[in-house]
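The chain contents come next:
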Amino acid sequence: MRVAVLGAGVAGLVAALRLGQRGHACDVYERWPGLGGQAATLPIDDGVLLERYYHHLFTSDRHISDLYDELGMPDELEWRRSNVATFTDNKSWAFNSPLDILRFKPLSLRSRIRMGLAVLQLQRKHGDDYTPFEQITARDWIEREMGAEAYARVWGPLLRAKFGDRSDDIGMPWLWSKFTLRRKVKGKEAREERLGYPRGSFETLYTALQERIEAAGGRVLIDRPAARLDHDGQAYTITSGAPNSFRGGHDPREFATLDGEERYDAVIATVPSDVFLSLLSPSLAQRIGQPYLDRVGSTEYFTALCLLLEIDRQFTPFYWTTIADPGLPFGA
């Protein structure tokens with residue numbers, strides 16, 4: 001088959017890799033003049049590449065670690081001990097171990113013990129099953145298992161910083177995943193969290209994926225987004241956006257287009273759902289059907305603004321500090 005993949009983030013590139021390995025010809029369309037999507041890089045001093053947003057791997061991220069091995073880069077990932085803190089009461093409190101929780105003086109001793117036991121019990125009794133929590137919100141579970149003080153001083157500010165006025169609606173399975181999935185490791189890794197980062201930035205992974213896709217007969221088309229997706233009754237057709245379309249924003253309906261169309265047997269879209277809906281011609285939207293379009297359109301998106309600041313001294317001894325002070329307008 002001839003397949004179009006929309007988006008050259010990790011999902012799109014790996015989809016094209018797998019299809020190429022099965023003998024299909026893939027074209028990958030990407031709006032941005034580079035690879036990586038939400039994990040794209042930018043150059044800083046001396047050609048060093050840095051991710052546009054914070055990115056690291058957890059030891060439980062086995063699939064992407066295996067991908068590095070598959071692509072011949074087994075030593076590219078560097079694993080370092082995690083060092084995190086929570087900021088409240090005008091101080092950063094280490095938050096790496098059960099002992100750190102016991103030293104967290106913004107909470108009463110009773111609340112500290114209760115919070116630690118609640119997390120431990122969740123990891124041991126429900127580490128593989130989120131279904132008992134599907135009908136309860138994160139707030140209700142925290143207040144029931146950890147107490148109102150833990151919610152007011154720690155988890156409430158964190159949820160509000162991340163989800164705004166929808167924080168009370170977040171289901172407990174989201175928080176369950178934070179407590180359990182990162183810890184699905186054994187041996188010494190289970191005793192301390194380690195975070196992985198590629199020595200040459202994630203760009204080395206994207207380059208290797210592009211080379212494999214092209215070696216299989218595919219194309220990776222950067223600075224060339226899909227502007228319109230249609231179906232003529234026999235094949236899918238894609239109208240491409242002109243170079244520099246990324247300067248016009250995210251809405252493909254606003255892109256200047258190139259002449260002609262490309263025809264495909266199938267299309268995989270890895271773009272945000274609202275972008276996908278904007279790509280569809282009226283006839284293709286009708287062909288897909290309103291129930292599916294309604295599902296796609298029901299997703300709410302929140303924006304995270306990430307400030308990248310280059311300074312000449314260490315800012316903090318912690319890699320990651322979550323902000324539990326409601327008076328500060330930052331999540332971390």
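Peer 1: Could you clarify how one ought to interpret the overall build of the chain in this entry?
Peer 2: Scanning the chain from N- to C-terminus turns up eleven helices and 15 strands. By principal-axis analysis of the C-alpha atoms, the chain measures approximately 70 × 45 × 35 Å. When burial is assessed residue by residue, the chain has 41% of its 332 residues classed as buried. In the form shown here, the chain has an accessible surface area of approximately 19,300 Å², with 51% of it arising from carbon and sulfur atoms. Placing the 41 positive and 45 negative side-chain charges of the chain at their respective mean positions leaves the two points 8 Å apart.

Peer 1: Would you take a moment to explain the packing of aromatic side chains for this structure?
Peer 2: Each aromatic ring pair is summarised here by two numbers: the centre-to-centre distance and the angle between the ring planes. Taken as a whole, this structure holds nine aromatic pairs when the rule is applied. Considering the side-chain rings of W141 and F179, the 6.4 Å spacing of their centres and the 45° angle between planes classify their relative orientation as tilted. Of this pair, W141 sits in helix 5 (residues 138–145) while F179 sits in helix 7 (residues 172–180); the two residues are 38 residues apart in sequence, bridging distant segments of the chain. By the burial criterion, W141 is buried, and F179 matches it.

Peer 1: I'm lost on the packing of helix 1 (residues 10–21) against helix 8 (residues 203–215) in this one. Help?
Peer 2: Each pair of packed helices gets described by two things: the angle between the helix axes and the distance between those axes. Relative orientation of the contacting elements helix 1 and helix 8 amounts to 30°, with a least axis distance of 9 Å. It follows that helix 1 is roughly parallel to helix 8 by the angle criterion. Taken as a pair, helix 1 and helix 8 cross one another with a handedness that is left-handed. Listed contacts from helix 8 to V10, L13, V14, A16 and L17 of helix 1 are Y206, L209, R212 and I213.

Peer 1: Sorry if this is basic, but what is going on with helix 4 (residues 109–125) here?
Peer 2: Within an α-helix, residues lying three or four positions from one another point in the same direction, as the helix has 3.6 residues per turn. With 17 residues, helix 4 should cover 24 Å at 1.5 Å per step; its first-to-last C-alpha distance of 24 Å lies within 8% of that length. Buried within helix 4 are the following residues: S111, R112, M115, A118, V119 and L122. End-on, the buried residues of helix 4 take up no more than an arc of 135°, which puts them together on one face. Those residues of helix 4 that are exposed and angled more than 90 degrees off the buried face are R110, L117, R124 and K125. Those residues of helix 4 that are buried lie in contact with helix 3 (98–102), helix 5, helix 6 (148–163) and helix 7.

Peer 1: Explanation requested: the sheet that holds strand 11 (residues 226–231) in the structure shown.
Peer 2: Across a sheet, paired strands are connected by hydrogen bonds in the backbone, their directions being either parallel or antiparallel. The strand order across the open sheet formed by three strands is 11-12-13, and the pairing between neighbours is antiparallel. Each edge of the open sheet carries a strand with a single partner, namely strand 11 and strand 13 (262–264). Taking each pair of neighbouring strands and ignoring which way they run, the sheet shows an average axis angle of 25°. Of the strand pairs in this sheet, strand 11 and strand 12 (residues 236–240) are connected by five bridges, and their pairing is antiparallel. Of the residues in strand 12, the one forming a bridge with H231 is Y236.

Parameters and conventions
- Residues numbered from 1 in each chain as written.
- Predicted model: local features only at pLDDT ≥ 70, side-chain atom pairs only at ≥ 80, totals over all residues.
- Heavy atoms only, no water.
- Helix = DSSP H or I, 4+ residues; strand = E, 2+ residues; numbered from the N terminus.
- Buried < 20%, exposed > 50% of the residue type's maximum accessible area, 1.4 Å probe, protein only.
- Areas by Shrake-Rupley, 256 points an atom, 1.4 Å probe, with all protein chains shown as cover.
- Lys, Arg positive; Asp, Glu negative; His and termini not counted.
- Charge placed at Lys NZ, Arg CZ, Asp CG, Glu CD.
- Phe/Tyr/Trp six-rings, centres within 6.5 Å; stacked < 30°, edge-to-face > 60°.
- Axes fitted to C-alpha atoms, helices over the stretch in contact; angles between N-to-C directions.
- Parallel < 35°, antiparallel > 145°, perpendicular 65-115°, else oblique.
- Left-handed = near helix turned anticlockwise from the far one by under 90°.
- Contact = heavy atoms within 4.5 Å.
- Expected span 1.5 Å × (residues − 1).
- Arc of directions from axis to C-beta.
- Pairing = 2+ DSSP bridges.

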